[in-house]
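Examining the three-dimensional arrangement
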Amino acid sequence: GEIRLWFGGRNVGKTEAVRASLAAEYPSALKVPIVKVDTADREVLASVVGRSKVVLNLVGRYTALVEAVVKACAESGVDYCDASGEGLWQHEMIGRYHDTAMETGARLVFGLGIASAASDLSAFVMAQYMHEKHDVKLSQVHMVWTKFESAGASGGTV
């Protein structure tokens with residue numbers, strides 16, 4: 001079947017710049033339309049999500065701006081995936097929208113592995129430390145987040 005796609009963003013100028021940078025390697029990217037999507041405008045958001053089969057979200061401030069997108073997808077039966085590295089936020093979204101997604105058939109996929117480098121690196125450093133300092137070879141490392149306080153990290157993944 002036909003594949004239709006568009007770039008959506010809060011800021012059309014920034015979205016045009018992303019599209020232009022992609023067009024340097026993939027000239028056909030210039031043919032992809034841009035849709036302004038303000039997550040605070042529920043009517044526009046519902047319209048864009050309602051015309052979609054999949055929403056691929058690669059831009060954050062997930063905790064601040066994206067819940068409305070997840071909710072709209074879950075309610076509309078539209079698949080959603082993102083590149084968030086915000087584990088606590090992901091957990092909250094699953095708790096809030098899992099049942100709705102199950103009812104509508106939406107699949108909500110968080111993290112896509114892109115933002116896992118910090119966790120992977122932490123596990124590697126821990127395993128290396130335990131081996132060097134205590135002569136213990138770890139076969140698994142379980143990480144648990146119980147509290148997260150930002151000291152001014154980037155607005156993309158907080």
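Refer to the structure presented above.
First, a word on what this report is: a plain description of the structure on this page. (Residues numbered from 1 in each chain as written. Predicted model: local features only at pLDDT ≥ 70, side-chain atom pairs only at ≥ 80, totals over all residues. Heavy atoms only, no water.)

Burial of the side chains of strand S4 (residues 79-82) extends over both faces: Asp79 and Cys81 are buried on one face and Tyr80 and Asp82 on the other. Alignment of strand S3 (residues 54-57) against S4, held across four bridges, turns out to be parallel. In the sheet register, Val54 faces S4, and the bridge partner there is Asp79. Across two bridges, the pairing between S4 and strand S5 (residues 108-109) is parallel. Each residue of the ladder has a partner; that of Tyr80, found in S5, is Leu108. Once the chain exits S4 it traverses helix H5 (residues 87-104) before rejoining the sheet at S5, and the crossover so formed is right-handed. (Buried < 20%, exposed > 50% of the residue type's maximum accessible area, 1.4 Å probe, protein only. Helix = DSSP H or I, 4+ residues; strand = E, 2+ residues; numbered from the N terminus. Pairing = 2+ DSSP bridges. Right-handed = clockwise from strand over helix to strand, strands pointing away.)

This part covers the pattern of salt bridges. Taken as a whole, this structure holds four salt bridges when the rule is applied. Linking Lys71 and Glu75 is a salt bridge whose minimum nitrogen-to-oxygen distance equals 3.4 Å. Taken together, the positions of Lys71 and Glu75, both in helix H4 (residues 67-76) and four residues apart, correspond to about one turn of that helix. Of the residues examined, Lys71 reaches a relative accessible area of 37% and is grouped as partly exposed. The exposure class of Glu75 is partly exposed, given its relative accessible area of 46%. In this structure, the salt-bridge partner of Arg107 is Asp79, at a minimum N-O distance of 2.6 Å. One end of the pair, Arg107, is in the loop between H5 and S5; the other, Asp79, is in strand S4, and 28 residues separate them in sequence. Within the structure, one salt-bridge network assembled from shared partners comprises Glu67, Glu92 and Arg96. (Salt bridge = Lys/Arg side-chain N within 4 Å of Asp/Glu carboxyl O.)

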